[in-house]
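These are the residues of each chain, in order.
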Amino acid sequence: MWLRFWLLRLYAQDRVFLRFKSHTTAWEHSEPLDNAYEVLGVSPGVDEAAVKRQYRERLRHVHPDMNPDDPHAAEKTKRLVEAYEVLSNPAKRSALDATLRAEAEKKRRQQRDAEKRRRVAEQQRKAASQRTTQQEREARGAARARARRTRRTSPGPRGRQDNRMDGTTISGNGNIH
């Protein structure tokens, strides 16, 4: 019971400290936080010394005191400081790595699913095309069979023929009925 009380108290103090330190907490940001590795321009496998070196070099270039003409220098510095805080703390860095791995896995899964949907749609188009061509072949075959039957059973030019559009027939002597 007391342990839980002290853990909650430490958690609350940590949140208050973070609030006073950065003036906003992570869930109060209007935009999503950037990838700290991209902000500092380092790869995920670098050590802390390289992170610190890159942080100081970038800070020199974007600091408002060094760039009084840049209206966005304070925002750039703030993002750089936040990225350095994340990468210099091992717990935050491992949480960021886990988040980045999860995002990469989600992206790979989405790409794999999109490719699978594309392949299925292509297979369905091929199957529909094959069905259509098969139906066309069957229809042509049926039409040929009807034509053969008609040729065999028709009496020729002297017999009755129902080939007029108005439904009248022509007899063998040319009279219209």
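Basis of the calculations
Residues numbered from 1 in each chain as written. Predicted model: local features only at pLDDT ≥ 70, side-chain atom pairs only at ≥ 80, totals over all residues. Heavy atoms only, no water. Salt bridge = Lys/Arg side-chain N within 4 Å of Asp/Glu carboxyl O. Helix = DSSP H or I, 4+ residues; strand = E, 2+ residues; numbered from the N terminus. Buried < 20%, exposed > 50% of the residue type's maximum accessible area, 1.4 Å probe, protein only. Phe/Tyr/Trp six-rings, centres within 6.5 Å; stacked < 30°, edge-to-face > 60°. Expected span 1.5 Å × (residues − 1). Axes fitted to C-alpha atoms, helices over the stretch in contact; angles between N-to-C directions. Parallel < 35°, antiparallel > 145°, perpendicular 65-115°, else oblique. Contact = heavy atoms within 4.5 Å. Nonpolar A, V, L, I, M, F, W, Y, C, P; charged D, E, K, R; others polar.

The final tally for this structure, using the stated rule, is six salt bridges. Arginine 79 is paired through a salt bridge with glutamate 75; the nearest N and O atoms lie 3.4 Å apart. Of this pair, arginine 79 and glutamate 75 both sit in helix α4 (residues 73-88), separated by four residues, roughly a single helical turn. Two residues, glutamate 105 and arginine 108, come together in a salt bridge whose shortest N-O distance is 2.9 Å. Of the two residues, glutamate 105 and arginine 108 are both situated in helix α5 (residues 90-153); the distance of three residues between them amounts to about one turn of the helix. What makes arginine 108 partly exposed here is its relative accessible area of 48%.

Taken as a whole and judged by the stated rule, the model has one aromatic pair. Between tyrosine 55 and tyrosine 84, the aromatic rings sit 4.1 Å apart at their centres with planes inclined by 15°, giving stacked as the arrangement. Of this pair, tyrosine 55 sits in helix α3 (residues 48-62) while tyrosine 84 is found in helix α4, placing the two residues 29 residues apart along the sequence. The exposure classification of tyrosine 55 matches that of tyrosine 84, with both residues buried.

Under the 1.5 Å per step criterion, the end-to-end length of α4 is 22 Å for 16 residues, consistent within 8% with the ideal 22 Å. Among the residues making up α4, those that are buried are Ala73, Thr77, Leu80, Glu82, Ala83, Tyr84 and Leu87.

α4 packs onto α3 with a crossing angle of 175° between their chain directions and a minimal axis gap of 10 Å. Accordingly, the angle class assigned to the pair α3 and α4 is roughly antiparallel. Contacts from Glu48, Val51, Lys52, Tyr55, Arg58, Leu59 and Val62 of α3 reach α4 at Ala73, Lys76, Thr77, Leu80, Val81, Tyr84, Leu87 and Ser88. A class-by-class count of the residues in the contact of α3 with α4 yields nine nonpolar, two polar and four charged.

Keep in mind these numbers describe shape, not what the thing actually does.
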